[in-house]
Amino acid sequence: MGLGLRRRGARLLPLLLLVAAAGAAAGNEKGPHKLRFRRESGTFKVVQVADMHYADGRRTGCENVLPSQEAGCSDLNTTAFLYRVFRAEDPDLVVFTGDNIYGSDSTDAAKSMDAAIAPAIDMKLPWAAVIGNHDQEGTLSREGVMRHLVGMKNSLSSFNPGGIEIDGYGNYNLEVSGVERTSLDEKSVLNLYFLDSGDYSTVRSIKGYGWIKASQQVWFQQTSSRLQRKYMDENPKQKEPAPGLVFFHIPLPEFSSFTATNFTGVKQEGISSPSINSGFFATMVESGDVRAAFVGHDHINDFCGTLSGIQLCYAGGFGYHAYGKAGWSRRARVVSVQLEKTDSGEWGGVKSIKTWKRLDDPHLSTIDSEVLWNRGSNGRRRKNPDGS
């Protein structure tokens, strides 16, 4: 969110296609640029990391921690937490949803990004990123930040789609194929969309944060429609679209729709959305395939709530050089997508989408487990009796 806000204008440039420099994750049957569901379990797991605010490593102090935690607390605590979560969850993809670094406190933005993402690279995990409102406030422009992320090892991030003009930097999608050697092994049974939600308004008469622009929404609509046609019309034909998950940094105004009675998690600060509504929530609803959207930005909100069949979810703040709440653990959101078994006993399409959070406490606690979507549920939230 906006501590030490800096207003910057974003120039719209001719766009060219960059290919993400992606590395294969060890195991889990993933090829060099291929995301795929696991054969044994029929699952695909994402760890969302929001608002690391990484700066200069050991020299960068922590914010909003208990007095007993202050001595020696630094960006290295963020790094240690990444390793703990990755080892515990063994994700198939890590998604960094912006404010990955805190540019204004970083001596060298490229080095800060390298250090921030290092645990994912070290553990050979595929990862993707979008940028927030603080990433570009240092030695790299907003465009430069995204280009650096695209070029890093194991990155599945892309700069922008080729052949069109589109606002922002880092609008792209990733496809997750079905289990290898099944009827859906060449189809994307889960679609992941990534958008640049901007930093600050570039319209003089409009104050506050940026928003997802019309050009991005047109790209999203076209991409969603293309993927749905391919999934449903090409053999083996499917009866309904593959589920879509959307990742960006700044929450939409619709995140203000919830009260404590209709979400899971906590709301401990206001919703820092743009001051205008650009209509992206309606665009997601109209697409017909989006089941959930995941954001960061407001560090001490970590709730999920459903609106018009779409789950709107915060991750909660991850980084220690980011504002938080003393005594309220830093956290990551985990999203686990499960395939169904067909009558023939092979893995088919997506059956359910579940989520939980991991806390950076002595036990690496798991909290707020819930079902975000079940096939046939039309997006209604369902919880098992045990809370899983």
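Residues numbered from 1 in each chain as written. Predicted model: local features only at pLDDT ≥ 70, side-chain atom pairs only at ≥ 80, totals over all residues. Heavy atoms only, no water.

Student: Could you give me a rundown of the pattern of salt bridges, with the residues and numbers involved?
Tutor: Applying the stated criterion to the full structure yields 15 salt bridges. E240 is paired through a salt bridge with R375; the nearest N and O atoms lie 3.5 Å apart. Of this pair, E240 sits in the loop between helix 5 (214-233) and strand 7 (244-247) while R375 is found in the segment after strand 13 (366-374), placing the two residues 135 residues apart along the sequence. Using a relative accessible area of 27% as the deciding quantity, one classes E240 as partly exposed. Under the relative-accessibility criterion, R375 is labelled partly exposed at 32%. Of the charged contacts in the structure, one is a salt bridge between D302 and R331, with a shortest N-O distance of 2.9 Å. You can see D302 sitting in the loop between strand 8 (290-295) and strand 9 (304-307) and its partner R331 sitting in strand 11 (residues 331-341), a full 29 residues away along the chain. Judged by relative accessible area, D302 falls into the buried class, the value being 1%. Put simply, D302, R331, K357 and D368 are held in one network by salt bridges that share partners. (Salt bridge = Lys/Arg side-chain N within 4 Å of Asp/Glu carboxyl O. Helix = DSSP H or I, 4+ residues; strand = E, 2+ residues; numbered from the N terminus. Buried < 20%, exposed > 50% of the residue type's maximum accessible area, 1.4 Å probe, protein only.)

Student: Talk me through the state of the cysteines; I want residue IDs and the actual numbers.
Tutor: Enumeration over the complete set of coordinates arrives at two disulfides. A disulfide bridge connects C62 with C73, and the sulfur atoms are separated by 2.0 Å. Where C62 bonds to C73 through sulfur, the torsion about that S-S bond is close to -85°, and the disulfide is left-handed. Placement of C62 in the loop between strand 2 (43-49) and helix 1 (67-70) and of C73 in the loop between helix 1 and helix 2 (75-89) is noted, with a sequence separation of 11 residues between them. Given the relative accessible area of 8%, C73 is considered buried. Sequence-ordered numbering of the bonded cysteines in the chain gives a disulfide pattern of 1-2, 3-4. (Disulfide = S-S within 2.5 Å.)

Student: Which residues make up empty space enclosed by the protein, and what are the values?
Tutor: Tallied over the entire structure, the rule returns four cavities of 30 Å³ or more. Taken as a whole, the largest cavity spans an internal volume of roughly 80 Å³. Lining the largest cavity are 15 residues, and of these W211, I212, L252, P274 and S278 lie nearest its centre. Here the lining of the largest cavity is composed, by residue class, of 10 nonpolar, five polar and no charged. (1 Å grid on protein atoms, 1.4 Å probe; cavity = no way out; pocket = protein on both sides within 12 Å on 5 of 7 lines; lining within 4 Å. Points joined across faces, edges and corners; volume = space filled by probe spheres on them. Nonpolar A, V, L, I, M, F, W, Y, C, P; charged D, E, K, R; others polar.)

Student: So what's going on with the nonpolar core? Which residues, and what values?
Tutor: If you look at the biggest cluster of nonpolar residues, it comprises 67 residues, and the most contacted ones within it are F37, F96, W127, L192 and L245. Sort the elements by how many residues they give to this core and helix 3 (residues 109-122) lands first, with six residues. In contact with L245, other than residues within four places in its own chain, are L190, N191, L192, Y193, A292, F294, V335, V337 and I353. One finds Y193, I212, M284 and A293 within the second-largest nonpolar core, a separate group that totals 24 residues. (Core = buried A, V, L, I, M, F, W, Y, C linked by side-chain atoms within 4.5 Å. Contact = heavy atoms within 4.5 Å.)

Student: Tell me about the packing of helix 2 against helix 3, and please be specific about residues and values.
Tutor: At a closest axis distance of 9 Å, the pairing of helix 2 and helix 3 adopts a crossing angle of 25°. Regarding the angle of helix 2 to helix 3, the classification is roughly parallel. For the pair helix 2 and helix 3, the crossing hand works out as right-handed. Together, T79, L82, Y83 and F86 of helix 2 and A115, A116, A118, P119, A120 and D122 of helix 3 make up the contact between the two elements. Residue composition of the contact of helix 2 with helix 3, by class: eight nonpolar, one polar and one charged. (Axes fitted to C-alpha atoms, helices over the stretch in contact; angles between N-to-C directions. Parallel < 35°, antiparallel > 145°, perpendicular 65-115°, else oblique. Left-handed = near helix turned anticlockwise from the far one by under 90°.)

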